[in-house]
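# Chains, contacts and geometry: an overview
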Amino acid sequence: RYYATKDRRVLAELFDALNAADFSKCPDPMPYERVLMRRGIAGPTMGSPAEEHTPELWTWAAAVQYDEASILLSVPLYLTRDEVLPMEVHSLTLLVDTFKEDSMRIFNAVLAGQRVLFSGYNHAAGDVCKLVLAAASMISPPVSGVMHRVFPYANLNDLSFLECPSFIAGVTNPVFEGNTMWWDMLCVLNLPEGSGQCFTPEEKAKDDERRNKKSAAPPPPSALAPEESSDDRNEAKRLDAVFISKVLSATMLGEEWVRSMFRDFTTQVMNQCLVSEDGSDFDLEQAPDAVRKNYAANSARASTFKTSGNVGSLISNPWVDIDIGGVDGARLRRDLWRLQVAEDLSNNETIRIFSDLNTALKCEEALQVLCNLLCEASGGLYPIAAGLLHNQSNVRAHAVVLLGRLESFRSTSPCVGALNQFLIMAYHRAS
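Quick summary incoming for the structure in this document. (Residues numbered from 1 in each chain as written. Predicted model: local features only at pLDDT ≥ 70, side-chain atom pairs only at ≥ 80, totals over all residues. Heavy atoms only, no water.)

### Here's the deal with helix α19 (residues 421-430)
- Along α19, the residues classified as buried are L423, I424, A426 and Y427. Taken down its axis, α19 places every buried residue within 160° of arc, on the same side. Those residues of α19 that are exposed and angled more than 90 degrees off the buried face are Q421, F422 and R429.
- Buried residues belonging to α19 abut α16 (382-385), α17 (393-408) and α18 (413-417). (Buried < 20%, exposed > 50% of the residue type's maximum accessible area, 1.4 Å probe, protein only. Helix = DSSP H or I, 4+ residues; strand = E, 2+ residues; numbered from the N terminus. Arc of directions from axis to C-beta. Contact = heavy atoms within 4.5 Å.)

### Some remarks on the packing of aromatic side chains
- Within the structure shown, the criterion is met by eleven aromatic pairs.
- When the ring of F243 is compared with that of F262, the centres are 5.2 Å apart and the planes differ by 85°; the resulting orientation is edge-to-face. Taken together, the residues F243 in helix α9 (residues 230-248) and F262 in helix α10 (residues 255-275) connect sequence positions 19 residues apart. Each member of the pair, F243 as well as F262, carries the same accessibility label: buried.
- One aromatic cluster in this structure is built from F151, F161, F167, F176 and W182. (Phe/Tyr/Trp six-rings, centres within 6.5 Å; stacked < 30°, edge-to-face > 60°.)

### Regarding a nonpolar patch on the surface
- A cluster of nonpolar side chains, L156, L159 and V175, forms an exposed patch at the surface whose accessible area comes to about 210 Å².
- Position of L156 among the secondary structure elements: in the loop between β4 (150-151) and β5 (167-171). (Patch = residues over 30% accessible without salt bridge, like charges linked within 9 Å, V, L, I, M, F, W, Y side chains within 5 Å. Areas by Shrake-Rupley, 256 points an atom, 1.4 Å probe, with all protein chains shown as cover. Salt bridge = Lys/Arg side-chain N within 4 Å of Asp/Glu carboxyl O.)

### As for the environment of A418
- Relative to the helices and strands, A418 is located in the loop between α18 and α19.
- Overall, A418 belongs to the partly exposed group, its relative accessible area being 34%.
- Sequence-wise, A418 and G380 are 38 residues apart; in three dimensions their C-alpha atoms are separated by 7.7 Å.

### Observations concerning the sheet that holds β5
- Reading across the sheet, the five strands line up as β4-β5-β3-β6-β7 and stay open at both edges, with mixed pairing between neighbours. The two strands at the open ends of the sheet, each matched to only one other strand, are β4 and β7 (195-199).
- Pairing of strand β6 (residues 185-190) with β7, which is carried by five bridges, proceeds in the antiparallel orientation. Across the sheet, residue L186 finds its bridge partner in β7, namely F199.
- Those strands touched by helix α8 (residues 201-210) are β6 and β7, and its axis lies near 110° from that of β7. (Pairing = 2+ DSSP bridges. Axes fitted to C-alpha atoms, helices over the stretch in contact; angles between N-to-C directions.)

### Describing helix α15 (residues 364-373)
- Of all ten residues in α15, eight are buried; the element is thus mostly enclosed.
- Within the span of α15, buried status applies to A366, L367, Q368, V369, L370, C371, N372 and L373.

### Some details on the state of the cysteines
- Across all of its chains, the model carries zero disulfides by this definition.
- C415 forms no disulfide, and the closest cysteine sulfur to it belongs to C371, at a distance of 3.6 Å. (Disulfide = S-S within 2.5 Å.)

Printed below as a string of structure tokens:
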């Protein structure tokens with residue numbers, strides 16, 4: 001009706017109808033429940049074990065009365081409040097296809113809470129908005145509250161977004177490009193040619209000088225972070241190049257796959273922030289060489305994250321609202337990380353960790369959090385299942401009990417089924 005009449009009252013009526021819908025009975029899953037749901041709604045590329053969930057349980061139906069008709073709505077419960085674009089909109093895929101290797105510069109800027117500006121002169125506002133929201137989806141989830149500082153379309157009539165110390169905004173007016181004091185990272189679109197460029201204020205000033213264009217004086221160039229050496233920076237660039245090459249080589253697998261890659265990368269950085277909080281419980285020398293290199297490469301990224309507005313998403317104890325039998329949840333999380341990466345844990349230490357896990361993780365909610373922390377991208381439940389092959393009988397017994405509990409609940413049993421067949425066979429024999 002709107003496109004036929006151009007009557008804004010049509011949009012007002014639709015707005016009122018949507019807001020009149022009764023959502024009081026709509027379930028509000030916990031964050032760890034949403035993560036498990038996301039495994040169930042994953043596409044075929046995520047593997048068959050993920051499809052054992054029943055997706056009909058993870059959508060909620062409602063009806064909206066509009067224009068003398070009843071319109072059915074389906075609310076996906078697995079989406080967070082920061083996810084406003086459905087998977088059918090290949091927004092993040094478009095971003096990485098457009099900016100290629102520079103996509104990692106955008107990711108790092110968003111992760112560090114910088115002021116990121118997308119500029120699309122002579123571009124449709126909808127295309128600019130799509131890429132702004134795509135940049136937010138690079139880190140959210142797991143970072144929460146990102147949408148509070150997202151401005152998909154801004155203009156010179158309202159510059160209030162510039163008051164935010166951290167934002168992701170989109171514009172179509174080239175005036176914003178020349179005001180280098182307004183942004184920390186500028187992303188210039190050229191969608192007709194399928195390309196884009198990223199600039200810091202210093203790089204934009206040099207580019208304008210080369211083109212004989214005037215621009216505001218840039219701030220002094222930034223130095224290395226205090227804890228970052230030139231070797232670490234080079235290793236970080238190598239890590240970024242390897243990661244984005246993996247993403248670019250398989251964008252045909254779909255939007256969910258691309259988002260999951262960035263989601264796991266962000267989670268890795270957040271985990272590094274958490275496990276390094278208590279140096280007494282964190283011994284990097286127990287980790288393989290590849291893990292140590294990745295840790296060094298991500299050190300500056302983790303440091304900037306902890307000083308950014310995103311730091312509120314760090315939760316030391318993921319079981320904070322769940323009864324885990326008096327066990328220290330923050331320490332338990334670090335112990336899980338050590339099981340994932342350590343190569344030479346002592347028998348006594350391994351027994352203690354498995355004993356704590358067995359004591360703490362008895363209810364379904366506590367086990368759901370465990371599955372969140374041991375996602376498939378980092379090997380899934382392998383650290384737990386590997387206990388089936390330990391030389392200590394206490395560790396083997398604890399592993400059997402833990403896997404048995406996981407298998408007993410419908411929400412966590414597919415995570416056991418995702419283990420390789422050798423470990424599944426060992427579990428069945430031991431139980």
